Amino acid sequence: MLSLSDSKPAYRYYAYGRQALVEALRLANVTKGDEVLVPALICKDVLSSIFTVGARPVFYQVDKSLAPVSLPHTPLIKAVIAVNYFGFPQDLEIFFEYCNKFSVKLIEDNAHGYLSASSDRVLLGNRAPLGITSIRKTMRIPDGARLHVNDPELAEQIPPQLLFNQMPLGARYLLQTRFSKVERATGLPLLRWVRAIVRLRRFLSTGEFISTSSTLAETEVVEPVGPRDASMKKIRKLNEEVEAQRRTKLYERVGSAIDKTKITPVHDGLPDNCVPYGFPFFGDSDAAKNVQRSVNSFGVEVIRWPDLPESVLPDAPEHYSNLWFVNFL
Ligand SMILES: Cc1ncc(COP(=O)(O)O)c(C=O)c1O
């Protein structure tokens, strides 16, 4: 096992997780011409961070439990990314062994797992020398993400905190927050109606109901910036215990409400201390629609994840393309 000291992790805050990841890759000394080992089950935004530091992704496959099948090696690989999909802790043992053997840095991508911890109560994102968390995925805020530096030597090289910007949260955020509160309190599906109108307008102008990110998303240059001060205030004000309880209870309620003959949950249940991003499951589009109907009264939305990288798509196993989750935001 890599041993991390008992010292506290050093944190830096950014607008988005992909920006925190750029800094993590830089701290891992990944530069032009290097390679980064990354799961093939990943969204395009992660590739943009790798692209930004001038490196190339090398993919490893994951099985239906979303654990790695095996970890390939090339001499150019300088860092490995392990993902806590949907806030469930990835078993890092195989990653630690790999990183020790080849002297490369492990980055724990905990974009989905704010507030989630391992069975031995270590906050996810703090288990490897470097970690990232996209807090904005767990809270209704326009931006907010965190870089975790857990290795004291790397912490000495950590860049200073970028300035928080003074932009307001914005009308969209305020409306969504208000609608979501009303929806949860009264059962009136305000957010669902707004989403339907937005999708209809999108369909009329682009021919697509759901916007998918383009190939360009993989080669976008990611510029790290600080989050809004207003988002940081929301993060500090969050009652973490209440939010963690809401999520764990919702996981149980969703699990009981859905018809499991048509879908397969990714997990049998919640591990101890896991605070889920949502309820992940495998199924086809019709089954996902059924799940949506079953959870409408909870004021939550079913989403397909991820929008796979172009180079992964042609050979993607079926379980990469029929993965969905009930988003608990
Ligand atoms: C696994 C994973 N890592 C990183 C990111 C990037 O986070 P952000 O959208 O905050 O840049 C995402 C975004 O979808 C993600 O799913």
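Details of the structure are given in the entry above.
Residues numbered from 1 in each chain as written. Predicted model: local features only at pLDDT ≥ 70, side-chain atom pairs only at ≥ 80, totals over all residues. Heavy atoms only, no water.

Caption draft 1: Highlighting the layout of surface pockets. Considering only enclosed or pocket space, the second largest pocket measures out at about 570 Å³ in volume. Residue assignment for the lining of the second largest pocket shows that the elements contributing at least two residues are α5 (171-186), α7 (229-237) and α8 (240-257). Ranked by residue count, the leading element in the lining of the second largest pocket is α5, at five residues. Here the residues of the lining of the second largest pocket sort into seven nonpolar, four polar and eight charged. (1 Å grid on protein atoms, 1.4 Å probe; cavity = no way out; pocket = protein on both sides within 12 Å on 5 of 7 lines; lining within 4 Å. Points joined across faces, edges and corners; volume = space filled by probe spheres on them. Helix = DSSP H or I, 4+ residues; strand = E, 2+ residues; numbered from the N terminus. Nonpolar A, V, L, I, M, F, W, Y, C, P; charged D, E, K, R; others polar.)

Caption draft 2: Region of the structure containing the packing of aromatic side chains. Across all of its chains, the model carries eight aromatic pairs by this definition. For the pair Phe86 and Phe325, a centre-to-centre distance of 5.2 Å together with 45 degrees between the ring planes defines the contact as tilted. With Phe86 in the loop between β4 (77-83) and α3 (93-102) and Phe325 in strand β11 (residues 323-327), this residue pair connects regions lying 239 residues apart in the sequence. Taken individually, Phe86 and Phe325 each receive the classification buried, so the pair is uniform in this respect. Feature note: the residues Tyr85, Phe86, Tyr277, Trp305 and Phe325 constitute an aromatic cluster, connected by ring pairs. Over the aromatic face of Tyr16 sits the side chain of Arg18, whose NZ or CZ is 4.9 Å from the ring centroid. (Phe/Tyr/Trp six-rings, centres within 6.5 Å; stacked < 30°, edge-to-face > 60°. Buried < 20%, exposed > 50% of the residue type's maximum accessible area, 1.4 Å probe, protein only. Lys NZ or Arg CZ within 6 Å of the ring centre and 35° of its normal.)

Caption draft 3: Broad picture of the pairing of strand β5 (residues 105-109). Here β5 lies mainly inside the structure; four of its five residues are buried. In the sheet, β4 pairs with β5 via five bridges, with the strands oriented parallel. Note that in β5 the partner of Val83 across the bridge is Asp109. (Pairing = 2+ DSSP bridges.)

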